[in-house]
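If you want the building blocks of each chain, they are given just below.
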Amino acid sequence: MRKPRWLVGIALLGVLSLVAAACGGDDEGGQPAEKIDVTVYGQGAWTGGASGLVLPAMQSAQIRFDELNADASYPATITFETADTQGSGDQAPPVAQEVAGNPKTVAVLGPAFSGESRAVGDTYNDNQIPFVTPSATAVDLSEFGWDYWYRAIGNDGQQGGLAAEYVASVLKPKSLYILHDTTDYGQPLAETVEAAAKKAGIKIAGKTGVSEPAIVTGTTVDFSSIISDIEASGADTVFFGGYDVDSGPFLNQAAAAGLDVQVISGDGSVSTTLLELAGDGAEGTLLIAPSNIFSDFVAKYTDAVGADAFSVAIYAAEGYDVAGLIGEGIRQAIEGGATTPVDIRAGIKTYLDSLTTDSPFEGESKTYAFDPQTHELSASPNQLYFFYEVKGGELVNLGNGVEVLGG
Amino acid sequence: MDCLTGVADQFWDQTRNGLVVGAIYAMIALGYTLVYGVLQLINFAHSEVFMVSTVVTLHATTEWYGVTEPLHGVALALILIGVLLPAMLASGLAAVTLERVAYRPLRKRGAPRLSFLISAIGASLAIQYLFALMDGQHSLLFVPLPDLLGPSPRAIPEIMSNDTLFTVFGTTITNKHVLVIVVAVAMLFLLDTFVRTTRTGRGIRAVAQDPEVASLMGVNIDRVIVATFFLGGLMAGAAGVLFVIRLNAPAGFLIGFLPGIKAFTAAVLGGIGNIRGAMLGGLLLGMFEAHGTACIGGHWQTLIAFVVLVVVLMVRPTGILGERVRA
């Protein structure tokens, strides 16, 4: 039986009215009738051995995004999604594809590590997605020409130089042994320290790398042969360039072997994981990081996160601030007329580019203004770095670069 | 630092280091060599058999016995036995299960060698990633997986304090060094004796020589193969406990990967299929790595190990001691 024509007519009318209703919703621009749905991805080691270095930042970012979402006058609803790479550059590309393929993506908080940044930077830059890192410190990241990349902390060139300056002016060792994990974070950092230390006239007793670091293989390294080498070299100070999953066991095994050296390490070692893996061996270790783990924000972090909070809140304040930067960028983009995620991405970039030392973003850990060429922070390195010592199983604040080294 | 002076200065220290590390490699290598001798199969999943024992060690020390401080004397001995036995059993059972699930069906069907290899690699990855999910946050087909490994890293407590026991040739020997060497030597000696004197051991040697003739002579092939896997698993289990105690290593699903590759290298170096070859290969590999560090630096360790392997194989393709399950 053929359908009667009048039935078809009613069906058409129904469809047309539905379409009209859908189209008629947002005809008044400027009025925040509906919050725009946007997604921000946090890329880094949400799981895996290196998560102690990344989760505090992600948890703090979530705090900030929750605050913004709860604010009735904020013109967007931000969904903070997980882009879990376990910190590995090998696992990052498919994750980045997923991020870039999501039409609601407006920005990436991260990538947390330098290796994964190198792996996916081109993907985000080509897709014009702003990616702001709260923790990736490798110097060469600013040299790829990524317009959409911003670094919210100091870099390893500064870190290595400051560590060497600390060793030369405060520790004044007889000789220094350089140890690194052969990764593209740890080795350049250790070599920067080596070069700066040589220039300062410190004797380099030896230098070696770990051929299969735990950060790459997932297996704890047996440092016994390296420990014997350090002992034979007669060094009284060791700089370790690498991550907590390697520096922790190194400190533990060195203490067990009775090796009496002062160990100083960089931001990759500043985490709860280091204290857990090193045990008593961590006592007296000196650490430097571009993150203030004793800032006022940390109390807020511990309260908000509760039982899951990390005792060493590395990059927590920075994660909160980067979320704040992205959040403010979204707000300004929408107020400037952006309605689609693609436009919001451009708006966020415009906002980040607009920050200068005269009109910076006021964050919890510091103020943020990015250099127009490099997209690094425009601030003196001494202000960006903080020194810690492990005492009684906890990290103790020694002060920032200005307080410890002057300048 | 000059290579020769470096090696000379640190000779006894690095020899001690190499022997201790090598003993652990040797124990794991036995699993590879035994299975190869009997099945001509490289059991790539043996690294996960090792991993199982580290997980048992973690749970035994933290949950069953609640160790929080280093122990001494009788208490320490009891705890060590109480950790070694379950861990070794768990690894042995894991190896036997592996054989039953991943290799026996292929054997019964007369599958080509390649299928065994693929099954081995697949089993290795499957077990690794199954354990990766056991962090208390995942379920498999609606069955929640037990929380074995989460949240990482799960370090084990310090079970024994590091006391220097004596000094020889200027090298300090601590109780952990002694533990590793004593347990390793005991295990290796027991295995060697077992294969040499017992009936099952004879069966293993017979099957390794010629499976068809062995079955004609009344050897139950299936049982011999299960025994082989079980023995290899026991060795890997002991190695796992020693590895974790020595390094305070946190348990993780990838912990077996690197020791597995190195042990396999050691087995090939010494002569794959040859029990004494596996022991020798393990000790030699440990020594090359340790002295290599003194010579040109730790970052060359892996390179040195593999260059040595290649050179040895070019000169003696069946490895240093040759290819038979000799005892």
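Conventions used here
- Residues numbered from 1 in each chain as written.
- Chains lettered and ligands numbered in written order.
- Predicted model: local features only at pLDDT ≥ 70, side-chain atom pairs only at ≥ 80, totals over all residues.
- Pairing = 2+ DSSP bridges.
- Helix = DSSP H or I, 4+ residues; strand = E, 2+ residues; numbered from the N terminus.
- Right-handed = clockwise from strand over helix to strand, strands pointing away.
- Buried ≥ 20, exposed ≤ 12 C-beta atoms within 10 Å, placed from the backbone.
- Contact = placed C-beta atoms within 7 Å.
- Nonpolar A, V, L, I, M, F, W, Y, C, P; charged D, E, K, R; others polar.
- Domains from an automatic or database assignment.
- Core = buried A, V, L, I, M, F, W, Y, C linked by C-beta atoms within 7 Å.
- Axes fitted to C-alpha atoms, helices over the stretch in contact; angles between N-to-C directions.

What about the pairing of strand E2 (residues 76-84) of chain A?
Residues and elements named next belong to chain A.
So, step 1. Sheet topology places strand E1 (residues 36-44) next to E2; nine bridges connect them, and they run parallel. By the bridge assignment, Ile36 is partnered in E2 with Ala76.
So, step 2. For the crossover from E1 across helix H2 (residues 55-70) to E2, the handedness is right-handed.

Notes on the environment of Ser354(A)
Residues and elements named next belong to chain A.
So, step 1. Locating Ser354 in the fold gives a position in helix H13 (residues 341-354).
So, step 2. Among the residues examined, Ser354 registers 13 C-beta atoms within 10 Å and is labelled partly exposed.
So, step 3. Placed 30 residues apart in sequence, Ser354 and Gly324 show a C-alpha to C-alpha distance of 15 Å.

Topic: the interface of chain B and chain A
So, step 1. Taken together, the 32 residues of chain B in the interface contact 29 residues of chain A.
So, step 2. When contributions to the side of chain B that touches chain A are tallied by element, the ones reaching two or more residues are helix H2 (11-39), helix H10 (257-270), helix H11 (275-296) and helix H12 (301-315) of chain B.
So, step 3. Of the residues that constitute the side of chain B that touches chain A, the class distribution is 15 nonpolar, 13 polar and four charged.

Comments concerning the domain arrangement of chain A
In many reports, interface size means the accessible area that the parts give up when they come together.
All names here are of chain A.
So, step 1. Each assigned domain of chain A is listed with its residue range as follows: domain 1 (36-154 + 294-376) and domain 2 (157-289 + 385-405).
So, step 2. Placing a centre on the C-alpha atoms of domain 1 and another on those of domain 2 gives a separation of 28 Å.
So, step 3. Between domain 1 and domain 2, the contact holds 16 residues from the first and 24 residues from the second.
So, step 4. A breakdown of the residues in the side of domain 1 that touches domain 2 according to their chemical character gives nine nonpolar, seven polar and no charged.

Things to note about the nonpolar core
So, step 1. Ranked by size, the top nonpolar core spans 224 residues in total, and within it Ala26(B), Met27(B) and Ala238(B) carry the most contacts.
So, step 2. A total of 17 residues in this core trace back to one element, the largest contributor, which is helix H9 (residues 221-247) of chain B.
So, step 3. Mapped onto the domain boundaries, this core takes at least three residues apiece from domain 1 (36-154 + 294-376) and domain 2 (157-289 + 385-405) of chain A.
So, step 4. Setting aside residues no more than four positions away along its own chain, Met27(B) makes contact with Ala184(B), Met187(B), Met235(B), Ala236(B), Ala238(B) and Ala239(B).

A word on the sheet that holds E2(A)
Residues and elements named next belong to chain A.
So, step 1. A sheet is described by the order of its strands in space; here five strands give the open sequence E2-E1-E3-E4-E5, paired in parallel fashion. In this open sheet, the two edge strands, each paired with only one partner strand, are E2 and strand E5 (149-151). Strand-to-strand twist in this sheet, taken as the mean axis angle between neighbours without regard to direction, amounts to 20°.
So, step 2. In the packing of helix H12 (residues 316-335) onto the sheet, the strands contacted are E1, E2, strand E3 (105-109) and strand E4 (131-133), and the crossing angle to E3 comes to about 160°.

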